[in-house]
2 protein chains.
Amino acid sequence: MYDLYLVTDINACLGRQLEDVVRLAVEGGVTIVQLREKDTDTKVFVERAISLKKILTSYHIPLIINDRIDIALAAKADGIHVGQSDMPFALLMKIMPKSMIKGLSVETIEQAVNAENYKVDYLGVSPVFHTPTKTSFDEKPWGLEGLKKLRALTKHKLVAIGGINKDNAADVINAGADGLAVVSAICSADHPGEAAAELLKIVKNTKGNYGQIS
Amino acid sequence: MYDLYLVTDINACLGRQLEDVVRLAVEGGVTIVQLREKDTDTKVFVERAISLKKILTSYHIPLIINDRIDIALAAKADGIHVGQSDMPFALLMKIMPKSMIKGLSVETIEQAVNAENYKVDYLGVSPVFHTPTKTSFDEKPWGLEGLKKLRALTKHKLVAIGGINKDNAADVINAGADGLAVVSAICSADHPGEAAAELLKIVKNTKGNYGQIS
(Lines give C-alpha, C1' and ligand atoms only; values in the text may rest on other atoms or scores of the structure.)
Protein backbone atom coordinates (compact mmCIF):
# COMPACT_ATOMS: atom_id res chain seq x y z
CA MET A 1 0.00 0.00 0.00
CA TYR A 2 2.90 2.38 0.72
CA ASP A 3 4.79 1.72 -2.53
CA LEU A 4 4.22 5.18 -3.99
CA TYR A 5 2.89 7.76 -1.56
CA LEU A 6 1.86 11.14 -2.92
CA VAL A 7 1.97 14.09 -0.51
CA THR A 8 0.09 17.02 -1.97
CA ASP A 9 1.34 20.57 -2.21
CA ILE A 10 -1.08 22.82 -4.01
CA ASN A 11 1.67 25.39 -4.54
CA ALA A 12 3.77 22.80 -6.38
CA CYS A 13 1.03 21.97 -8.90
CA LEU A 14 2.10 24.65 -11.40
CA GLY A 15 -1.31 26.30 -11.32
CA ARG A 16 -3.21 23.11 -12.11
CA GLN A 17 -6.16 22.02 -9.99
CA LEU A 18 -5.06 19.77 -7.13
CA GLU A 19 -7.88 17.33 -7.91
CA ASP A 20 -6.70 16.99 -11.52
CA VAL A 21 -3.09 16.36 -10.51
CA VAL A 22 -4.16 13.76 -7.94
CA ARG A 23 -6.40 11.99 -10.43
CA LEU A 24 -3.59 11.78 -13.02
CA ALA A 25 -1.13 10.63 -10.34
CA VAL A 26 -3.45 7.86 -9.16
CA GLU A 27 -4.14 6.69 -12.70
CA GLY A 28 -0.35 6.58 -13.17
CA GLY A 29 0.19 4.36 -10.13
CA VAL A 30 0.21 6.28 -6.84
CA THR A 31 -0.91 3.87 -4.12
CA ILE A 32 -1.79 6.26 -1.28
CA VAL A 33 -2.37 10.04 -1.04
CA GLN A 34 -1.78 12.47 1.80
CA LEU A 35 -3.52 15.84 1.73
CA ARG A 36 -1.21 18.39 3.29
CA GLU A 37 -2.32 21.99 3.72
CA LYS A 38 -0.65 24.79 5.58
CA ASP A 39 -2.23 28.17 6.42
CA THR A 40 -5.54 27.11 4.89
CA ASP A 41 -8.86 27.93 6.54
CA THR A 42 -10.52 24.88 8.04
CA LYS A 43 -13.51 25.32 5.73
CA VAL A 44 -11.39 25.19 2.56
CA PHE A 45 -9.25 22.37 3.97
CA VAL A 46 -12.23 20.15 4.78
CA GLU A 47 -13.94 20.84 1.46
CA ARG A 48 -10.76 19.86 -0.37
CA ALA A 49 -10.46 16.72 1.75
CA ILE A 50 -14.04 15.70 0.97
CA SER A 51 -13.46 16.32 -2.72
CA LEU A 52 -10.26 14.22 -2.75
CA LYS A 53 -11.89 11.47 -0.70
CA LYS A 54 -14.63 11.17 -3.30
CA ILE A 55 -12.12 10.87 -6.14
CA LEU A 56 -9.85 8.44 -4.29
CA THR A 57 -12.68 6.17 -3.15
CA SER A 58 -13.54 5.52 -6.79
CA TYR A 59 -9.95 4.26 -7.28
CA HIS A 60 -9.84 2.37 -3.95
CA ILE A 61 -6.87 4.52 -2.88
CA PRO A 62 -6.63 5.61 0.78
CA LEU A 63 -6.64 9.28 1.74
CA ILE A 64 -4.43 10.38 4.62
CA ILE A 65 -4.78 13.84 6.21
CA ASN A 66 -1.73 15.72 7.45
CA ASP A 67 -1.85 16.90 11.06
CA ARG A 68 -5.56 17.66 11.40
CA ILE A 69 -7.65 14.94 13.05
CA ASP A 70 -10.74 17.16 12.83
CA ILE A 71 -10.41 17.24 9.04
CA ALA A 72 -9.78 13.48 8.88
CA LEU A 73 -12.91 12.79 10.91
CA ALA A 74 -15.11 15.24 9.03
CA ALA A 75 -13.97 14.02 5.59
CA LYS A 76 -14.07 10.35 6.63
CA ALA A 77 -10.49 9.99 5.50
CA ASP A 78 -8.65 6.70 5.88
CA GLY A 79 -5.90 7.97 8.10
CA ILE A 80 -3.81 10.69 9.65
CA HIS A 81 -0.16 11.64 9.43
CA VAL A 82 1.47 13.66 12.17
CA GLY A 83 4.88 15.22 12.57
CA GLN A 84 6.78 15.99 15.73
CA SER A 85 5.18 19.45 16.10
CA ASP A 86 1.66 18.11 15.56
CA MET A 87 -0.67 16.31 17.97
CA PRO A 88 1.42 14.15 20.34
CA PHE A 89 0.92 10.51 19.40
CA ALA A 90 -0.38 9.42 22.79
CA LEU A 91 -3.17 12.03 22.59
CA LEU A 92 -3.89 11.17 18.99
CA MET A 93 -4.46 7.54 19.95
CA LYS A 94 -7.12 8.61 22.43
CA ILE A 95 -9.27 10.52 19.97
CA MET A 96 -8.69 8.64 16.71
CA PRO A 97 -10.80 5.69 15.65
CA LYS A 98 -8.65 2.55 15.90
CA SER A 99 -9.41 1.65 12.30
CA MET A 100 -7.66 4.73 10.90
CA ILE A 101 -4.17 4.51 9.45
CA LYS A 102 -1.68 6.36 11.61
CA GLY A 103 1.64 7.68 10.31
CA LEU A 104 4.34 9.54 12.20
CA SER A 105 7.33 11.45 10.88
CA VAL A 106 10.66 10.81 12.57
CA GLU A 107 13.64 13.06 12.06
CA THR A 108 16.04 11.52 14.58
CA ILE A 109 17.02 8.11 15.94
CA GLU A 110 15.66 9.15 19.34
CA GLN A 111 12.22 9.87 17.86
CA ALA A 112 12.32 6.50 16.08
CA VAL A 113 13.17 4.72 19.32
CA ASN A 114 10.22 6.44 21.05
CA ALA A 115 7.97 5.41 18.18
CA GLU A 116 8.64 1.74 18.93
CA ASN A 117 6.14 2.12 21.76
CA TYR A 118 3.41 3.46 19.48
CA LYS A 119 0.89 1.61 17.38
CA VAL A 120 1.86 3.46 14.23
CA ASP A 121 1.16 1.96 10.85
CA TYR A 122 4.26 3.48 9.29
CA LEU A 123 7.05 5.93 10.00
CA GLY A 124 7.78 8.79 7.66
CA VAL A 125 11.56 8.98 7.34
CA SER A 126 11.92 12.72 7.01
CA PRO A 127 13.85 13.98 5.19
CA VAL A 128 15.84 11.23 3.54
CA PHE A 129 17.63 13.77 1.31
CA HIS A 130 17.78 17.56 1.23
CA THR A 131 14.66 18.96 -0.35
CA PRO A 132 13.41 22.28 -1.63
CA THR A 133 9.86 21.59 -0.33
CA LYS A 134 10.67 22.08 3.33
CA THR A 135 11.95 25.53 4.13
CA SER A 136 13.57 24.56 7.42
CA PHE A 137 17.29 24.12 6.90
CA ASP A 138 18.10 22.84 10.36
CA GLU A 139 16.90 19.35 9.50
CA LYS A 140 19.68 16.85 8.98
CA PRO A 141 18.74 14.38 6.25
CA TRP A 142 18.82 10.69 7.17
CA GLY A 143 20.71 9.76 4.02
CA LEU A 144 20.90 6.19 2.76
CA GLU A 145 23.11 5.12 5.66
CA GLY A 146 20.71 6.62 8.21
CA LEU A 147 17.82 4.85 6.53
CA LYS A 148 19.66 1.50 6.73
CA LYS A 149 20.33 2.09 10.42
CA LEU A 150 16.66 2.89 10.98
CA ARG A 151 15.61 -0.23 9.07
CA ALA A 152 17.68 -2.34 11.44
CA LEU A 153 16.27 -0.56 14.49
CA THR A 154 12.52 -0.48 13.95
CA LYS A 155 9.75 -2.97 13.38
CA HIS A 156 7.58 -0.35 11.68
CA LYS A 157 7.06 0.09 7.98
CA LEU A 158 9.15 2.94 6.57
CA VAL A 159 8.09 5.52 4.03
CA ALA A 160 10.97 7.73 2.96
CA ILE A 161 10.35 11.34 1.98
CA GLY A 162 12.46 14.27 0.86
CA GLY A 163 14.32 14.80 -2.38
CA ILE A 164 13.31 11.46 -3.90
CA ASN A 165 13.27 11.19 -7.69
CA LYS A 166 13.69 8.54 -10.37
CA ASP A 167 17.48 8.72 -10.11
CA ASN A 168 17.70 7.82 -6.41
CA ALA A 169 14.43 5.86 -5.96
CA ALA A 170 16.01 2.40 -6.31
CA ASP A 171 18.72 3.26 -3.78
CA VAL A 172 16.07 4.30 -1.23
CA ILE A 173 14.16 1.03 -1.61
CA ASN A 174 17.40 -0.96 -1.42
CA ALA A 175 18.29 0.90 1.80
CA GLY A 176 15.15 -0.49 3.43
CA ALA A 177 12.19 1.78 2.64
CA ASP A 178 8.83 0.07 2.16
CA GLY A 179 7.67 2.96 0.07
CA LEU A 180 8.58 6.29 -1.43
CA ALA A 181 6.79 9.53 -0.64
CA VAL A 182 7.08 12.36 -3.11
CA VAL A 183 5.73 15.86 -3.50
CA SER A 184 7.27 17.79 -6.36
CA ALA A 185 8.45 14.72 -8.31
CA ILE A 186 4.76 14.20 -9.14
CA CYS A 187 2.94 17.48 -8.32
CA SER A 188 5.38 19.53 -10.41
CA ALA A 189 5.91 16.99 -13.19
CA ASP A 190 4.84 17.94 -16.71
CA HIS A 191 2.91 14.66 -16.76
CA PRO A 192 2.04 13.59 -13.18
CA GLY A 193 0.67 10.26 -14.41
CA GLU A 194 3.81 9.35 -16.33
CA ALA A 195 6.01 10.47 -13.43
CA ALA A 196 4.01 8.25 -11.07
CA ALA A 197 4.16 5.27 -13.44
CA GLU A 198 7.92 5.59 -13.78
CA LEU A 199 8.47 5.80 -10.01
CA LEU A 200 6.14 2.90 -9.27
CA LYS A 201 7.95 0.78 -11.85
CA ILE A 202 11.28 1.48 -10.11
CA VAL A 203 9.80 0.56 -6.70
CA LYS A 204 8.34 -2.69 -7.97
CA ASN A 205 11.38 -3.67 -10.02
CA THR A 206 13.65 -2.95 -7.06
CA LYS A 207 11.46 -4.95 -4.72
CA GLY A 208 11.62 -7.73 -7.30
CA ASN A 209 7.92 -8.16 -7.59
CA TYR A 210 7.05 -6.13 -10.66
CA GLY A 211 3.96 -7.53 -12.30
CA GLN A 212 2.80 -9.32 -9.16
CA ILE A 213 -0.04 -8.15 -7.00
CA SER A 214 1.52 -6.28 -4.07
CA MET B 1 -22.77 31.37 31.91
CA TYR B 2 -22.13 33.78 29.00
CA ASP B 3 -22.15 36.97 31.10
CA LEU B 4 -18.45 37.70 30.63
CA TYR B 5 -16.71 35.69 27.95
CA LEU B 6 -12.93 36.00 27.66
CA VAL B 7 -11.42 35.25 24.25
CA THR B 8 -7.67 34.82 24.56
CA ASP B 9 -5.04 36.49 22.44
CA ILE B 10 -1.56 35.69 23.59
CA ASN B 11 -0.20 38.66 21.64
CA ALA B 12 -2.46 41.03 23.58
CA CYS B 13 -1.18 39.90 26.99
CA LEU B 14 1.65 42.47 27.12
CA GLY B 15 4.28 39.76 27.51
CA ARG B 16 2.59 38.13 30.49
CA GLN B 17 1.95 34.38 30.56
CA LEU B 18 -1.44 33.51 29.11
CA GLU B 19 -2.16 31.20 32.04
CA ASP B 20 -1.52 34.03 34.52
CA VAL B 21 -3.78 36.46 32.68
CA VAL B 22 -6.55 33.88 32.46
CA ARG B 23 -6.27 33.03 36.14
CA LEU B 24 -6.51 36.68 37.15
CA ALA B 25 -9.41 37.25 34.75
CA VAL B 26 -11.35 34.29 36.15
CA GLU B 27 -10.74 35.37 39.72
CA GLY B 28 -12.05 38.79 38.70
CA GLY B 29 -15.28 37.37 37.30
CA VAL B 30 -14.93 35.95 33.79
CA THR B 31 -17.60 33.25 33.38
CA ILE B 32 -16.32 31.38 30.30
CA VAL B 33 -13.01 31.29 28.40
CA GLN B 34 -12.25 30.66 24.76
CA LEU B 35 -8.73 29.70 23.72
CA ARG B 36 -8.02 31.20 20.34
CA GLU B 37 -4.74 30.53 18.57
CA LYS B 38 -3.70 31.35 15.06
CA ASP B 39 -0.58 30.06 13.30
CA THR B 40 0.34 27.91 16.28
CA ASP B 41 1.64 24.37 15.86
CA THR B 42 -0.89 21.74 16.91
CA LYS B 43 1.48 20.49 19.61
CA VAL B 44 1.80 23.89 21.30
CA PHE B 45 -1.92 24.58 20.85
CA VAL B 46 -3.01 21.34 22.52
CA GLU B 47 -0.50 21.71 25.35
CA ARG B 48 -1.81 25.20 26.04
CA ALA B 49 -5.39 23.94 25.92
CA ILE B 50 -4.63 21.17 28.42
CA SER B 51 -2.90 23.66 30.70
CA LEU B 52 -5.87 26.09 30.58
CA LYS B 53 -8.37 23.26 31.06
CA LYS B 54 -6.62 22.25 34.25
CA ILE B 55 -6.72 25.81 35.61
CA LEU B 56 -10.33 26.43 34.59
CA THR B 57 -11.61 23.15 35.97
CA SER B 58 -10.47 24.22 39.41
CA TYR B 59 -12.68 27.32 39.06
CA HIS B 60 -15.61 25.43 37.45
CA ILE B 61 -15.31 27.68 34.39
CA PRO B 62 -15.87 26.15 30.93
CA LEU B 63 -13.12 26.15 28.30
CA ILE B 64 -14.11 26.66 24.67
CA ILE B 65 -11.67 26.03 21.82
CA ASN B 66 -11.69 28.22 18.74
CA ASP B 67 -12.03 26.44 15.40
CA ARG B 68 -10.14 23.23 16.20
CA ILE B 69 -12.28 20.22 17.10
CA ASP B 70 -9.17 18.03 17.32
CA ILE B 71 -7.78 20.28 20.04
CA ALA B 72 -11.12 20.39 21.87
CA LEU B 73 -11.33 16.59 21.87
CA ALA B 74 -7.72 16.04 22.90
CA ALA B 75 -7.86 18.61 25.72
CA LYS B 76 -11.31 17.49 26.86
CA ALA B 77 -12.52 21.05 26.53
CA ASP B 78 -16.13 21.94 27.23
CA GLY B 79 -16.95 23.31 23.81
CA ILE B 80 -16.02 24.64 20.42
CA HIS B 81 -16.49 27.98 18.72
CA VAL B 82 -16.44 28.22 14.95
CA GLY B 83 -16.54 31.10 12.52
CA GLN B 84 -17.80 31.18 8.98
CA SER B 85 -14.42 30.12 7.53
CA ASP B 86 -14.02 27.24 9.99
CA MET B 87 -15.61 23.78 9.96
CA PRO B 88 -19.13 24.02 8.46
CA PHE B 89 -21.66 23.58 11.24
CA ALA B 90 -23.39 20.57 9.71
CA LEU B 91 -20.08 18.68 9.58
CA LEU B 92 -19.15 19.80 13.07
CA MET B 93 -22.39 18.33 14.41
CA LYS B 94 -21.44 14.95 12.97
CA ILE B 95 -18.07 14.66 14.70
CA MET B 96 -18.62 16.60 17.96
CA PRO B 97 -19.92 14.95 21.10
CA LYS B 98 -23.47 16.20 21.71
CA SER B 99 -22.58 17.30 25.23
CA MET B 100 -20.10 19.91 24.03
CA ILE B 101 -21.03 23.59 23.91
CA LYS B 102 -21.23 24.82 20.34
CA GLY B 103 -20.84 28.49 19.40
CA LEU B 104 -21.02 30.05 15.95
CA SER B 105 -20.00 33.53 14.83
CA VAL B 106 -22.43 35.39 12.58
CA GLU B 107 -21.43 38.46 10.66
CA THR B 108 -24.60 38.98 8.61
CA ILE B 109 -28.36 38.61 8.93
CA GLU B 110 -28.26 35.87 6.31
CA GLN B 111 -25.83 33.82 8.42
CA ALA B 112 -28.02 34.36 11.47
CA VAL B 113 -31.08 33.15 9.58
CA ASN B 114 -29.20 30.01 8.50
CA ALA B 115 -28.14 29.46 12.08
CA GLU B 116 -31.78 29.12 13.15
CA ASN B 117 -31.59 25.59 11.75
CA TYR B 118 -28.57 24.66 13.86
CA LYS B 119 -28.40 23.37 17.40
CA VAL B 120 -25.98 26.08 18.48
CA ASP B 121 -25.72 27.04 22.12
CA TYR B 122 -24.98 30.66 21.32
CA LEU B 123 -24.23 32.98 18.44
CA GLY B 124 -21.18 35.22 18.49
CA VAL B 125 -22.31 38.60 17.17
CA SER B 126 -19.15 39.59 15.38
CA PRO B 127 -18.10 42.32 15.38
CA VAL B 128 -20.54 44.48 17.29
CA PHE B 129 -18.22 47.49 16.99
CA HIS B 130 -15.03 48.20 15.07
CA THR B 131 -12.10 46.57 16.78
CA PRO B 132 -8.33 46.65 16.52
CA THR B 133 -8.10 42.89 17.24
CA LYS B 134 -9.38 41.75 13.87
CA THR B 135 -7.26 42.93 11.00
CA SER B 136 -9.92 42.49 8.36
CA PHE B 137 -11.50 45.82 7.55
CA ASP B 138 -14.18 44.53 5.24
CA GLU B 139 -16.35 43.46 8.15
CA LYS B 140 -19.31 45.71 8.76
CA PRO B 141 -20.00 45.97 12.49
CA TRP B 142 -23.50 45.06 13.64
CA GLY B 143 -23.77 48.14 15.83
CA LEU B 144 -26.39 48.44 18.54
CA GLU B 145 -29.23 48.68 16.01
CA GLY B 146 -28.03 45.55 14.23
CA LEU B 147 -27.81 43.72 17.53
CA LYS B 148 -31.40 44.71 18.39
CA LYS B 149 -32.57 43.45 14.99
CA LEU B 150 -30.74 40.17 15.56
CA ARG B 151 -32.27 39.84 19.04
CA ALA B 152 -35.72 40.06 17.51
CA LEU B 153 -34.86 37.56 14.80
CA THR B 154 -33.19 34.67 16.62
CA LYS B 155 -34.06 32.28 19.41
CA HIS B 156 -30.39 31.70 20.20
CA LYS B 157 -28.39 33.24 23.01
CA LEU B 158 -26.23 36.12 21.81
CA VAL B 159 -22.68 36.89 22.84
CA ALA B 160 -21.47 40.19 21.40
CA ILE B 161 -17.79 40.65 20.52
CA GLY B 162 -15.69 43.45 19.07
CA GLY B 163 -14.70 46.76 20.58
CA ILE B 164 -16.56 46.22 23.85
CA ASN B 165 -15.31 48.11 26.90
CA LYS B 166 -16.72 49.49 30.16
CA ASP B 167 -18.08 52.57 28.41
CA ASN B 168 -20.33 50.72 25.97
CA ALA B 169 -20.93 47.47 27.89
CA ALA B 170 -24.30 48.48 29.32
CA ASP B 171 -25.56 49.58 25.90
CA VAL B 172 -24.66 46.19 24.43
CA ILE B 173 -26.57 44.32 27.13
CA ASN B 174 -29.53 46.68 26.77
CA ALA B 175 -29.54 46.03 23.02
CA GLY B 176 -30.16 42.34 23.69
CA ALA B 177 -26.85 40.58 24.25
CA ASP B 178 -26.85 37.73 26.79
CA GLY B 179 -23.17 38.22 27.35
CA LEU B 180 -20.11 40.23 26.43
CA ALA B 181 -17.01 38.75 24.86
CA VAL B 182 -13.79 40.67 25.17
CA VAL B 183 -10.17 40.23 24.18
CA SER B 184 -8.01 43.26 24.79
CA ALA B 185 -10.30 44.84 27.42
CA ILE B 186 -9.05 42.09 29.73
CA CYS B 187 -5.91 40.59 28.12
CA SER B 188 -4.29 44.00 27.73
CA ALA B 189 -5.58 45.54 30.96
CA ASP B 190 -3.03 46.60 33.59
CA HIS B 191 -5.08 44.54 36.03
CA PRO B 192 -6.99 41.80 34.18
CA GLY B 193 -8.84 40.82 37.36
CA GLU B 194 -10.07 44.33 38.10
CA ALA B 195 -11.03 44.84 34.46
CA ALA B 196 -13.06 41.62 34.56
CA ALA B 197 -14.73 42.56 37.84
CA GLU B 198 -15.73 45.96 36.49
CA LEU B 199 -17.20 44.50 33.29
CA LEU B 200 -19.08 41.75 35.12
CA LYS B 201 -20.58 44.31 37.49
CA ILE B 202 -21.88 46.31 34.53
CA VAL B 203 -23.40 43.20 32.94
CA LYS B 204 -25.13 42.16 36.16
CA ASN B 205 -26.29 45.65 37.06
CA THR B 206 -27.66 46.14 33.58
CA LYS B 207 -29.43 42.80 33.62
CA GLY B 208 -30.86 43.91 36.95
CA ASN B 209 -29.76 40.87 38.83
CA TYR B 210 -26.55 41.99 40.44
CA GLY B 211 -25.96 40.06 43.62
CA GLN B 212 -28.28 37.26 42.59
CA ILE B 213 -27.15 33.85 41.41
CA SER B 214 -27.24 33.88 37.61
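As the structure is a prediction and not an experimental result, all values here were calculated from the model.

1. Looking at the overall build of chain A
And then number 1: On a plain count of helices and strands, chain A comes out with nine helices and eight strands.
And then number 2: If one aligns the C-alpha atoms of chain A with their principal axes, the spans along those axes are about 40 × 40 × 35 Å.
And then number 3: Relative to all contacts within chain A whose residues are 6 or more apart in sequence, the contacts with residues 24 or more apart total 58%.

2. So, the interface of chain A and chain B
And then number 1: Counting from both sides, the interface comprises 20 residues of chain A and, opposite them, 20 residues of chain B.
And then number 2: Together chain A and chain B conceal approximately 1,600 Å² of surface at their shared face, both sides included; 69% is due to carbon and sulfur atoms.
And then number 3: On inspection of chain A and its partner chain B, the count reaches zero salt bridges.
And then number 4: One can count four residue pairs in polar contact (both at pLDDT 80 or more) joining chain A with chain B.
And then number 5: Every element with two or more residues in the side of chain A that touches chain B is listed here: α2 (42–58), α3 (69–74) and α4 (89–95) of chain A.
And then number 6: The element that contributes the greatest number of residues to the side of chain A that touches chain B is α3(A), accounting for five residues.

3. What to know about the packing of helix α1 (residues 18–28) of chain B against helix α9 (residues 192–207) of chain B
Residue and element names in this part refer to chain B.
And then number 1: Contact geometry for α1 and α9: axes closest at 7 Å, N-to-C directions at 35°. As for how α1 packs across α9, the hand of that crossing is right-handed. For the pair formed by α1 and α9, the contact residues are Val-21, Leu-24, Ala-25 and Gly-28 on the first element and Pro-192, Gly-193, Ala-196 and Ala-197 on the second.
And then number 2: Residue classes in the contact of α1 with α9 are distributed as six nonpolar, two polar and no charged.

4. Some details on the pairing of strand β4 (residues 79–82) of chain B
Residue and element names in this part refer to chain B.
And then number 1: Burial along β4 is two-sided: the face carrying Gly-79 and His-81 and the face carrying Ile-80 and Val-82 are both buried.
And then number 2: Across three bridges, the pairing between strand β3 (residues 63–66) and β4 is parallel. If you follow Asn-66 over to β4, its bridge partner there is His-81.
And then number 3: A crossover connection joins β3 to the parallel β4 through helix α3 (residues 69–74); in handedness this β-α-β unit is right-handed.
And then number 4: In this sheet, strand β5 (residues 101–106) lies alongside β4 in parallel orientation, the contact comprising four bridges.

5. Observations regarding the state of the cysteines
And then number 1: What the rule picks out here adds up to zero disulfides over all chains.
And then number 2: A:Cys13 carries a free sulfur, and the closest cysteine sulfur to it, the one in A:Cys187, is 4.1 Å from it.

6. Quick look at the nonpolar core
And then number 1: In terms of nonpolar packing, the biggest core is built from 136 residues, with A:Ile65, A:Ile186, B:Ile65 and B:Ile186 touching the most fellow members.
And then number 2: Setting aside anything within four residues of it in sequence, one finds A:Ile65 in contact with A:Gln34, A:Leu35, A:Phe45, A:Ala49, A:Ile71, A:Ala72, A:Ala77, A:Gly79, A:Ile80 and A:His81.

7. What about the relation of the copies chain A and chain B?
And then number 1: When chain A is fitted to chain B, the residual RMSD is 0.0 Å, and the transformation amounts to a turn of 180° plus an axial shift of 0.0 Å. Taken together, these values place the two copies in the relation of a two-fold axis. Across chain A, the rotation axis passes nearest the C-alpha of A:Asp70, at a separation of 2.4 Å.
And then number 2: A share of 100% of interface residues in chain A that are also interface residues in chain B marks the association as one of identical surfaces.

8. A word on the environment of A:Asn174
And then number 1: With respect to the helices and strands, the residue A:Asn174 is situated in helix α7 (residues 169–174).
And then number 2: For A:Asn174, a relative accessible area of 55% puts it in the exposed group.

9. Description of unusual backbone geometry
Residue and element names in this part refer to chain A.
And then number 1: Ser-126 connects to Pro-127 through a cis peptide bond whose omega is -15°.
And then number 2: Relative to the assigned elements, Pro-127 resides in the loop between β6 (122–125) and α6 (143–153).
And then number 3: Backbone geometry places His-60, a non-glycine residue, at a positive phi of 60°.
And then number 4: Assignment of secondary structure puts His-60 in the loop between α2 and β3 (63–66).
And then number 5: Of note in the backbone geometry, Asp-67 takes a positive phi value of approximately 75° without being a glycine.
And then number 6: Within the element layout of this structure, Asp-67 appears in the loop between β3 and α3.
And then number 7: Overall, Asp-67 belongs to the buried group, its relative accessible area being 9%.

10. Topic: the sheet that holds β5(B)
Pairing between the strands of a sheet comes from backbone hydrogen bonds, and it takes one of two forms, parallel or antiparallel.
Residues and elements named next belong to chain B.
And then number 1: In space, the eight strands of this closed barrel follow the order β1-β2-β3-β4-β5-β6-β7-β8, with parallel pairing throughout. Neighbour-to-neighbour, the strand axes of the sheet open up by a mean angle of 25°, direction not taken into account.
And then number 2: Here three bridges tie strand β7 (residues 157–161) to strand β8 (residues 179–182), and the two strands are oriented parallel to one another. Residue pairing for β8: Ala-160 is matched across the bridge by Leu-180.

11. With respect to the pattern of salt bridges
Pairing between side chains of opposite charge can happen when the charged atoms of each approach one another.
Residues and elements named next belong to chain A.
And then number 1: Tallied over the entire structure, the rule returns 18 salt bridges over all chains.
And then number 2: Ionic pairing is found between Asp-3 and Lys-204, a salt bridge with its closest N-O pair at 3.3 Å. One end of the pair, Asp-3, is in the segment before β1 (4–7); the other, Lys-204, is in helix α9 (residues 192–207), and 201 residues separate them in sequence.
And then number 3: Between Arg-151 and Asp-178 there is a salt bridge, with its nearest N and O atoms 3.0 Å apart. Placement of Arg-151 in helix α6 and of Asp-178 in the loop between α7 and β8 (179–182) is noted, with a sequence separation of 27 residues between them.
And then number 4: Taking the relative accessible area as the measure of exposure, Arg-151 reaches 26% and is therefore partly exposed.

About the cut-offs
Residues numbered from 1 in each chain as written. Chains lettered and ligands numbered in written order. Predicted model: local features only at pLDDT ≥ 70, side-chain atom pairs only at ≥ 80, totals over all residues. Heavy atoms only, no water. Helix = DSSP H or I, 4+ residues; strand = E, 2+ residues; numbered from the N terminus. Contact = heavy atoms within 4.5 Å. Buried area = accessible area lost by both parts, 1.4 Å probe. Salt bridge = Lys/Arg side-chain N within 4 Å of Asp/Glu carboxyl O. Polar contact = N/O pair within 3.5 Å; in protein donor to acceptor, adjacent residues only side chain to side chain. Axes fitted to C-alpha atoms, helices over the stretch in contact; angles between N-to-C directions. Left-handed = near helix turned anticlockwise from the far one by under 90°. Nonpolar A, V, L, I, M, F, W, Y, C, P; charged D, E, K, R; others polar. Buried < 20%, exposed > 50% of the residue type's maximum accessible area, 1.4 Å probe, protein only. Pairing = 2+ DSSP bridges. Right-handed = clockwise from strand over helix to strand, strands pointing away. Disulfide = S-S within 2.5 Å. Core = buried A, V, L, I, M, F, W, Y, C linked by side-chain atoms within 4.5 Å. Least-squares fit on C-alpha atoms with pLDDT ≥ 70 in both.

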